Each structure stands twice: as structure tokens, then as C-alpha cells.
Amino acid sequence: MTPSGPGLGPVLLSLVQVSRTHGDGDLAVHALQGVDLDVRVGELVAVMGPSGSGKSTLLNVAGGLDTPTEGTVTLAGAELSALDLKGRARLRRRSVGYVFQDFNLVPALTAAENVSLPRELDGVRQREARVEALAALSEVGVADLADRFPDEMSGGQQQRVAIARALAGPRRLVLADEPTGALDSVTGEEVMRVLRSRVDAGAGGLLVTHEARFAAWADRTVFLRDGVVVDSTGDRGGPGSLLVGAGSDGLGSSHWPSGPTDQDG
Amino acid sequence: MSVRHGLLALLAEGPMHGYQLRQEFERRTGGTWPLNIGQVYTTVHRLVRDGLAEPVPQGEIGSAEEPGAPDGEGSGERFRLTEAGRAEATAWWARPVERGAPARDELAIKLALAVTAPGVDVPAVVQAQRTETLRALQDYTRLKARAAAEDLAWLLVLDNLVFVAEAEVRWLDHVEARVARAAATNAARGPRPAPGQGSTTQVSPGPPAVGVGPVGRDLR
Ligand SMILES: Nc1ncnc2c1ncn2[C@@H]1O[C@H](COP(=O)(O)OP(=O)(O)OP(=O)(O)O)[C@@H](O)[C@H]1O
Ligand SMILES: [Mg+2]
């Protein structure tokens with residue numbers, strides 16, 4: 001019935017004809033124009049586009065941090081414009097993990113406190129929140145930095161703490177703005193594996209990146225240009241479809257799957 | 001490239017039959033460069049001709065046939081490196097691979113023509129290619145996601161495909177930005193100079209981007 005690929009669940013995030021305009025008249029900036037986008041449970045969608053094309057705006061609108069000037073955003077079944085400020089903040093805290101482009105760690109809190117803070121705000125007991133925080137920190141390989149403050153960490157380490165914060169607890173939607181920007185290639189790949197397995201385990205993800213290598217971990221990539229979605233790699237195709245054409249029995253047929261497989265991380 | 005050096009490196013690990021060389025080569029490179037057995041024997045015989053390898057004399061100690069070797073193929077002949085061969089194998093690891101002349105890359109040629117041909121929608125050409133290359137990247141990445149962490153050789157081969165594809169995407173991003181900037185500059189400057197009159201504006205530092213420089217420059 002649905003055109004979704006294998007293993008994809010119900011729609012978690014839905015943007016319908018979303019526009020976001022800053023200012024008006026001659027000075028109006030159309031940061032987003034008529035964007036339609038669905039993210040399903042189990043699906044990771046990458047967003048690519050030049051600087052200023054509206055990627056961060058798209059993420060902010062999707063996570064309820066910014067309000068579209070036109071169109072609707074539906075998150076986990078709730079239309080955001082129908083919620084009041086408090087309701088939106090609660091939905092955001094419960095359901096959305098956000099990795100900001102500039103990390104946005106609280107300087108006066110340790111890594112573990114930064115990660116557990118949103119959970120505590122949401123009513124999780126302190127001890128429990130700390131356990132979750134330590135688990136999330138170790139998932140991204142910085143468990144040993146739990147008690148350090150942001151200014152005692154390298155950029156890449158701070159970035160991983162920010163990712164841990166977005167992953168702590170049962171987040172349904174992870175929104176990540178350049179989460180690999182400050183990471184070397186191997187660490188960046190490890191972070192993508194964590195994000196991928198979190199999504200495969202039943203979350204949805206929207207990932208902004210300039211690097212095609214990281215976008216390739218997503219099920220599909222949409223391309224933004226001047227606030228408009230200009231192209232998409234489309235739904236998940238048969239794995240290795242391109243490669244199979246590369247040679248009769250070339251490219252290690254033993255490694256190539258014979259058809260779509262549900263990967264489980 | 002060097003099937004020749006690949007086989008030298010394998011023989012440095014010990015004497016092998018032709019079919020073993022073929023198997024090992026494919027296994028160790030994740031099957032990315034399939035060899036046929038004829039190619040293997042041709043290459044091995046050139047190594048012998050050049051004094052880098054030699055057949056292991058029949059019945060020599062330590063050359064006992066292992067079970068499972070197919071009869072008839074290469075009639076059981078095994079090869080080993082000579083001293084010179086061993087030296088060449090060692091030297092190969094130490095020597096960087098020559099980059100050589102740029103390959104005649106269809107994509108570079110296509111875009112070089114696209115930016116100069118009238119009426120071609122260059123951004124559309126770039127976008128179509130970017131989407132296609134990203135699909136390939138997704139395919140490689142799915143294979144990486146499934147690969148076992150211990151299968152280091154296979155992972156490295158996939159990484160190579162990933163980085164090459166990514167470089168292509170970055171180059172496409174760059175082409176797009178450069179074309180957009182050139183269009184803006186031309187619009188601001190009015191009519192463009194006739195071809196061949198060598199405008200000296202916008203000489204960028206660094207090496208010329210392959211494929212977007214003036215057509216006709218010989219890179220070889
Ligand atoms: N508060 C604002 N007021 C006016 N214009 C804004 C505002 N916020 C963003 N914009 C504009 O909206 C457009 C999209 O910005 P956005 O931050 O979404 O880009 P981006 O794709 O994330 O870029 P980058 O890759 O540089 O992070 C830009 O032209 C930007 O200048
Ligand atoms: Mg941004």
C-alpha cells in the first residue's frame with residue numbers, strides 16, 4: 001500500500017507545504033519554500049545543500065524550535081501549530097533529540113550533566129537520568145569525559161557530548177545539524193553507525209551534512225537549494241544495484257547481498 | 001596498476017600455485033579486481049622471465065601438495081620469489097603509487113563541454129550526477145554497515161570507493177559554485193570577451209581544477 005521501503009514504520013514527522021520567510025517586502029528572505037517531507041520510523045533522511053539553502057531552518061521548523069509562516073508540521077501525530085508553547089516544549093523534550101550546529105552545551109555543567117539535564121527537566125529522576133547519560137556518552141565513545149566541563153574538552157569531544165545528549169533516553173526523532181563537522185573520519189563514521197543503529201531500533205532521523213560520505217548512511221538524501229527541495233535520491237533501492245552492473249561476477253559476489261535486507265545495525 | 005606487484009607481494013608470503021594466487025588476490029581485495037587465471041599465468045611467467053620469480057623444483061622439501069588442489073590446473077607448478085623478486089616486493093611497499101596522467105574521465109569531459117556549450121543547463125547536469133553518485137555512495141555504505149569489523153581488507157576497499165565517490169560529489173559542489181559565481185561576474189561585467197582573448201580576471205591560487213579549466217589545455 002505504501003511506497004515505503006522494507007522495514008519502515010509509520011510516519012513520524014511530516015512537513016506539508018512548509019514555507020518560512022524572514023522579514024517582508026523587498027527584504028523578505030525565503031528560507032524555505034513549499035517543502036514537503038516525511039520521515040518514517042526506522043528512516044534516516046539526510047539533507048544537503050549549499051550554505052544558506054535553508055538546512056538549519058528546516059531542522060528548526062521540524063523540531064518545533066521555529067514556526068513556519070505557511071504549511072503544517074506534524075510530529076508524532078501532533079500538529080505543532082495546534083499546541084501551545086508549553087505543549088510544544090514538552091513534546092520537543094520528550095520526543096526530539098537535537099544536535100545543534102554549534103553544539104550548544106551549557107558551559108557551567110559537566111558532560112554528564114549536559115546530557116541528563118533535558119531528561120531531568122522532563123521529570124526523570126536524577127539518578128536514572130545520570131545512568132542514561134553515562135550510557136549515551138559511552139555509546140559515542142566519551143564515557144571517560146563524563147565529569148569534565150565543555151571548556152576542558154576538544155571540539156570533537158564536545159560534539160560527541162552534544163550527540164549523546166540528543167540520544168539519551170527514548171527519543172523518537174533525532175535532528176542533527178552537521179553532527180560530524182568537528183570529527184575525524186573514523187570518529188565521524190562511528191557516530192554515524194550509532195545514529196544509524198538508533199534509527200534502525202525504532203527512531204526517525206533528519207541529518208544535515210555537507211559531507212556526502214556521511215549522507216550516504218541515510219536511506220535517502222534530499223537536496224535543498226534556496227529553500228526549495230530540488231532533488232532526492234529516492235527511496236531505498238535494492239542494495240548494490242549500481243555495483244551489480246559493474247561486472248558479471250566482479251566486486252566480490254560473496255559480499256554482495258542478493259536482495260533488500262533488513263539491517264539491524 | 002599492478003597485478004604484477006600484487007602477485008609479487010603475495011609470493012613474498014610463500015610459494016603458491018597460480019590458482020592460489022588468483023584466489024588470494026581476489027579474497028584479499030574483496031573481489032574488487034577480478035582476475036582470470038590466464039592473466040595470472042601470463043603475469044607469473046613475465047615475473048619468471050624477468051628473474052623475479054621461479055618455479056619451485058618438483059619434489060623439493062616443504063613443497064608437499066596440500067589436498068584440494070584441482071588437478072590439471074598449472075599441473076601443480078608452484079612459484080616462489082628470487083632474491084631480486086623479494087627486493088622488488090619490498091621496494092614496492094616503500095614506493096608511492098604514481099598518479100600518472102589524469103584519466104580520460106567522462107564526467108570531467110562532459111562538464112568541461114557543458115560549461116562552454118550554449119543552452120546546456122549546467123546546474124541540472126551537476127545535480128543529476130550528484131544524485132547518481134550519492135546513490136552509489138549509499139550502496140557502498142550499506143555494504144560497509146554489514147561488513148564484519150574484522151574484515152579489514154574488505155572495509156578498506158569499500159572505504160576507497162566511498163572516498164573516491166565523495167571526492168566526485170565535492171568536485172560537483174565546487175563546479176556548481178564556480179559556475180554560479182562566474183555567471184554572476186559575467187552578468188555584472190556585461191558582454192563577455194571573445195573566446196581566446198584570455199581574460200586575466202579571477203586567476204585562482206592553487207592548481208587548476210581538472211576539467212573546468214580552459215578547454216584545450218594539455219594536462220598530460
Ligand atoms: N533570523 C533570520 N532573519 C533573517 N534571515 C534569516 C534568519 N535566519 C536565517 N535566515 C536566512 O535564511 C536562509 C537559510 O538559513 P539557514 O541557516 O537555514 O541556512 P543553512 O542551509 O543551514 O546554511 P549553513 O550551511 O551555512 O548552516 C539564509 O539566507 C539566512 O541568511
Ligand atoms: Mg546551518
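Per an unreviewed UniProt entry, the recorded name for chain B is PadR family transcriptional regulator, and the organism is Actinotalea soli.

Of the strand pairs in this sheet, strand S1 (residues 11–22) of chain A and strand S2 (residues 29–40) of chain A are connected by eight bridges, and their pairing is antiparallel. Looking at S2(A), one finds that A:Val18 is bridged to A:Val35.

This paragraph deals with unusual backbone geometry. Residue and element names in this part refer to chain A. Of note in the backbone geometry, Gln-17 takes a positive phi value of approximately 50° without being a glycine. You can see Gln-17 is positioned in strand S1. On the basis of relative accessibility, which here comes to 44%, the residue Gln-17 falls in the partly exposed class. If you check the backbone angles, Ala-76 has positive phi at about 50° while not being a glycine. Inspection of the secondary structure puts Ala-76 in the loop between strand S4 (70–75) and strand S5 (78–79).

The next thing to look at is the side chain of A:Thr221. Positionally, A:Thr221 belongs in strand S9 (residues 220–225). Here A:Thr221 falls in the buried class, since its relative accessible area comes to 0%. When residues no more than four places from it in sequence are discounted, the contact partners of A:Thr221 are A:Ala46, A:Met48, A:Ala215, A:Asp231, A:Ser232, A:Thr233, B:Leu134 and B:Gln138.

Relative to the assigned elements, B:Phe163 resides in helix H7 (residues 152–189). Put simply, B:Phe163 and B:Leu137 are 26 residues apart on the chain and 8.9 Å apart in space, counted from C-alpha to C-alpha. Discounting residues that sit within four places of it in the chain, B:Phe163 has contacts with A:Ser185 and A:Arg213.

The next thing to look at is the nonpolar core. Residue and element names in this part refer to chain A. Within the largest apolar cluster, 47 residues are counted, with the highest numbers of intra-cluster contacts made by Val-115, Leu-137 and Val-161. With residues near it in sequence (within four places) discarded, Leu-137 still touches Ala-111, Ala-112, Val-115, Val-142, Ala-143, Ala-146, Val-161 and Ala-164. Residues Val-35, Val-41, Val-73 and Val-208 belong to the second largest nonpolar core, which totals 28 residues.

Cut-offs used in this document
Residues numbered from 1 in each chain as written. Chains lettered and ligands numbered in written order. Predicted model: local features only at pLDDT ≥ 70, side-chain atom pairs only at ≥ 80, totals over all residues. Heavy atoms only, no water. Pairing = 2+ DSSP bridges. Helix = DSSP H or I, 4+ residues; strand = E, 2+ residues; numbered from the N terminus. Buried < 20%, exposed > 50% of the residue type's maximum accessible area, 1.4 Å probe, protein only. Contact = heavy atoms within 4.5 Å. Core = buried A, V, L, I, M, F, W, Y, C linked by side-chain atoms within 4.5 Å.

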